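Here are the chains, one letter per residue:
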Amino acid sequence: MTPRDRGVRSRRKHPRYPLYAVAELRFKYAPERGPVETIVAIANISTSGLGLYSHTPLENGSHVTLDITLSGRKDMKERLEGRIVWVSKEENLHLIGVAFEKELNEREHPLLYRLVSS
């Protein structure tokens, strides 16, 4: 664990849990264009946000919508809204942190909530 990892971990309110899932991510790239969609890989999740990997560059502060598919099954999909709070690039991959607009709860996101509350 690097000193940066320890610093980020100490600032988080909620523990992160590994989540190996894919998501369709939508965001506005420019005001004159409609929403842009890209497929991203989810790395981890907490009740207040998640970390993901993307080949598409995304800007810090952007509002995003995520349709997360669990276990590759279309019937196990949940939608989340959030804001990009940090972006880092390693070679051709963008590491991105997303803070949810609203914390996960059992009523609105039962599948994801179960993962972070067990």
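Data block above holds the structure.
Computed from a predicted structure; not experimentally measured.

Rules used throughout
- Residues numbered from 1 in each chain as written.
- Predicted model: local features only at pLDDT ≥ 70, side-chain atom pairs only at ≥ 80, totals over all residues.
- Heavy atoms only, no water.
- Buried < 20%, exposed > 50% of the residue type's maximum accessible area, 1.4 Å probe, protein only.
- Helix = DSSP H or I, 4+ residues; strand = E, 2+ residues; numbered from the N terminus.
- Pairing = 2+ DSSP bridges.
- Salt bridge = Lys/Arg side-chain N within 4 Å of Asp/Glu carboxyl O.
- Core = buried A, V, L, I, M, F, W, Y, C linked by side-chain atoms within 4.5 Å.
- Contact = heavy atoms within 4.5 Å.
- Arc of directions from axis to C-beta.

**Some thoughts on the pairing of strand S4 (residues 63–69)**
Then comes step 1: The buried fraction of S4 amounts to six of the seven residues, a majority that puts the element mostly inside the structure.
Then comes step 2: Pairing between strand S1 (residues 17–28) and S4: six bridges, direction antiparallel. Residue pairing for S4: Phe27 is matched across the bridge by Val64.

**Looking at the pattern of salt bridges**
Side chains that carry opposite charge are capable of pairing whenever their charged atoms lie near each other.
Then comes step 1: Evaluated as defined, the whole model comprises four salt bridges.
Then comes step 2: For Asp67, the salt bridge goes to Arg26, with nearest N and O atoms at 2.9 Å. Here Asp67 is found in strand S4, whereas its partner Arg26 is found in strand S1, with 41 residues between them in sequence.
Then comes step 3: Judged by relative accessible area, Arg26 falls into the buried class, the value being 16%.
Then comes step 4: Here Arg79 ties to Asp67 by a salt bridge, and the two come within 2.6 Å at their closest N and O atoms. Note that Arg79 is positioned in strand S5 (residues 77–90) and Asp67 in strand S4, a separation of 12 residues in sequence.
Then comes step 5: Several salt bridges converge on common partners, so that one network encompasses Arg26, Asp67 and Arg79.

**Observations concerning the nonpolar core**
Then comes step 1: With 25 residues, the main nonpolar core has Leu50, Leu52, Leu66 and Ile68 as its most contacted residues.
Then comes step 2: Elements represented by at least two residues in this core include exactly S1, strand S2 (35–45), strand S3 (49–54), S4, S5, strand S6 (93–100) and helix H2 (110–117).
Then comes step 3: If you tally residues by element for this core, the top one is S1, at five residues.
Then comes step 4: Once residues within four sequence positions are removed from consideration, Leu50 is found in contact with Arg16, Ile42, Asn44, Ile45, Leu66, Ile68, Ile96, Gly97, Val98 and Phe100.

**Observations regarding H2**
Then comes step 1: Among all positions of H2, only Leu111, Leu112 and Val116 are buried. Down the axis of H2, the buried side of the element spans an arc of 125°, and every buried residue falls inside it.
Then comes step 2: Buried residues belonging to H2 abut S1, S2, S4 and S5.

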